Amino acid sequence: MNGIAAILAYALLAVGCFCALVGALGLARFPNYFVRLHAATVAVIGGSVLPLVALAIYSLSIPAEWDIRALYSSNALVIAAIIVLTSPVGTHAMAKAAHKAGVPVEPKVCDKLEEAAR
Amino acid sequence: MLLYFAIPFVAAILILMYRAVAGPTIPDRVLAIDTSTSLLCAVMVLFAIMYGVYLLLVVAIALALLSYIGTLVLAKYLEGRSMGE
């Protein structure tokens, strides 16, 4: 039972490491702010929420008392829930504010919000 | 074993710090700080489980909530409105 939990947690952590690195590289390399927002979402949901769920599973398999394990696991799940609920709200608010503040959309293909504001 | 999983996160945070320093506009910096705060929460919980420090879990919860509030306040500020509207 403990071995299965640890293996599942290691697999999820490996996926999370990959997502964090890919998201950070995208945030460093993409051309403008609104494309970088996409990479940041990969880094937050894939690179932060997924490892937190993995750590919640892993902490059930550590050699400790059951209340210690439950404390670690529930706290990791609470942090994952906070991030998954608040990160899209902040991202949407920031994107709308940035568009309104006139952040340039450099290789522009289509800007429906600017057409609607006209 | 668990310690090696912290290395990619720290590398990702360092790359995000490049964007936070070099970002051409203010929303770029806010986005980089927000993303690195989320990654830092994961690293904190990892260290808390690995070394048995309960207090880091509470700090991680406070950090996640504080990053959300900061992002919303800066969005309001960039939009040019006050907090009540």
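In case you missed it, the structure is sitting above this.
Quick summary incoming for the structure in this document. All figures in this text were calculated on a predicted structure; none of them were measured in a lab.

## Focus: the overall build of chain B
And step 1. Along its length, chain B carries three helices and zero strands.
And step 2. Secondary structure elements in chain B, listed N-terminal to C-terminal, are α-α-α.
And step 3. Dimensions along the principal axes, computed over C-alpha positions, put chain B at roughly 50 × 30 × 10 Å.
And step 4. The buried share of chain B, reckoned over its 85 residues, is 46%.

## Concerning the overall build of chain A
And step 1. The number of helices and strands found in chain A is four helices and zero strands.
And step 2. The C-alpha radius of gyration of chain A comes to 19 Å, more than 25% above the 13 Å expected for a compact globule of 118 residues.
And step 3. Looking at the 118 residues of chain A, the share that counts as buried comes to 37%.
And step 4. At a minimum sequence separation of 6, the contacts of chain A that also span at least 24 residues come to 64%.

## Brief notes about helix α3 (residues 55–79) of chain B
And step 1. Helix length check: α3(B) (25 residues) gives 37 Å between terminal C-alpha atoms against 36 Å at 1.5 Å per residue, within 8%.
And step 2. Within α3(B), the full set of buried residues consists of L56(B), L57(B), A60(B), A64(B), S67(B), Y68(B), T71(B), L74(B), A75(B) and L78(B).
And step 3. Those residues of α3(B) that are buried lie in contact with α3 (66–101) of chain A together with α2 (26–51) of chain B.
And step 4. Looking one or two places after α3(B), you find G80(B), whose phi comes out positive at around 80°.

## Structural notes on the nonpolar core
And step 1. Ranked by size, the top nonpolar core spans 58 residues in total, and within it A43(A), L52(A), L55(A), I79(A) and V45(B) carry the most contacts.
And step 2. Listing elements by their share of this core, those giving two or more residues are α1 (2–29), α2 (33–58) and α3 of chain A together with α1 (6–22), α2 and α3 of chain B.
And step 3. Per-element tally for this core: the top contributor is α2(A), with 15 residues.
And step 4. Excluding residues that lie within four positions of it along the chain, I79(A) makes contacts with L52(A), C41(B), V45(B), A60(B), I61(B) and A64(B).

## Comments concerning the interface of chain A and chain B
And step 1. Listed by partner, the interface residues are 40 residues for chain A and 36 residues for chain B.
And step 2. For the side of chain A that touches chain B, the secondary structure elements donating two or more residues are α1, α2 and α3 of chain A.
And step 3. Residue contributions to the side of chain A that touches chain B peak at 17 residues, all from α3(A).
And step 4. Here the side of chain A that touches chain B is composed, by residue class, of 31 nonpolar, seven polar and two charged.

## Structural notes on the packing of α1(A) against α1(B)
And step 1. Two numbers describe how α1(A) lies on α1(B): the axes approach to 9 Å, and their chain directions differ by 15°. Comparing the axis directions of α1(A) and α1(B) gives the class roughly parallel. Crossing of α1(A) over α1(B) shows left-handed handedness. Packed against α1(A), whose contacting residues are C17(A), A20(A), L21(A), A24(A), L25(A), L27(A) and A28(A), the element α1(B) presents P8(B), F9(B), A11(B), A12(B), I15(B), L16(B), Y18(B) and R19(B) at the interface.
And step 2. Residues of the contact of α1(A) with α1(B), tallied by class, amount to 14 nonpolar, no polar and one charged.

## Thoughts on the packing of α3(A) against α2(B)
And step 1. One way to put it is that α3(A) packs onto α2(B) with a least axis distance of 11 Å and a crossing angle of 175°. Relative to α2(B), the element α3(A) is oriented roughly antiparallel. Between α3(A), through Y72(A), A76(A), I79(A), I83(A), S87(A), G90(A), M94(A) and A98(A), and α2(B), the contact on the second element is made entirely by P27(B), V30(B), L31(B), D34(B), S38(B), C41(B), V45(B) and I49(B).
And step 2. Here the contact of α3(A) with α2(B) is composed, by residue class, of 12 nonpolar, three polar and one charged.

How each quantity is defined
- Just so you know, the residues in each chain are numbered from 1, in the order the chain's sequence is written.
- In the order they appear in the text, chains get letters beginning with A and ligands get numbers beginning with 1.
- With pLDDT at 70 or above as the cut-off, local features in this predicted model cover only qualifying residues; side-chain atom pairs require 80 or more to be listed or tallied, and sums for whole chains, interfaces and linings still use all residues.
- Strands here are runs of E lasting at least two residues and helices are runs of H or I lasting at least four, both read from the DSSP assignment and numbered beginning at the N terminus.
- Any residue surrounded by 20 or more other C-beta atoms within 10 Å of its C-beta is treated as buried, while 12 or fewer makes it exposed and the intermediate range makes it partly exposed; C-beta atoms here are placed from the backbone.
- In this treatment the radius of gyration is a C-alpha quantity, and the globule benchmark scales as 2.2 Å times the residue count to the 0.38 power.
- By the convention adopted here, residues make contact when the C-beta atoms placed from their backbones lie within 7 Å.
- The span expected for a helix works out to 1.5 Å for each residue beyond the first.
- Each nonpolar core reported here comprises buried Ala, Val, Leu, Ile, Met, Phe, Trp, Tyr and Cys residues connected via C-beta atoms within 7 Å.
- Each residue is assigned to one of three groups, with Ala, Val, Leu, Ile, Met, Phe, Trp, Tyr, Cys and Pro labelled nonpolar, Asp, Glu, Lys and Arg labelled charged, and all others, Gly among them, labelled polar.
- Only the contacting stretch of a helix is used when fitting its axis, a line to C-alpha atoms as for every element, and angles between N-to-C directions run 0 to 180 degrees.
- For classification purposes, angles smaller than 35 degrees are called roughly parallel, those larger than 145 roughly antiparallel, those between 65 and 115 roughly perpendicular, and all remaining angles oblique.
- For a crossing to be left-handed, the near helix must be turned anticlockwise from the far one by less than a right angle; the clockwise case is right-handed.

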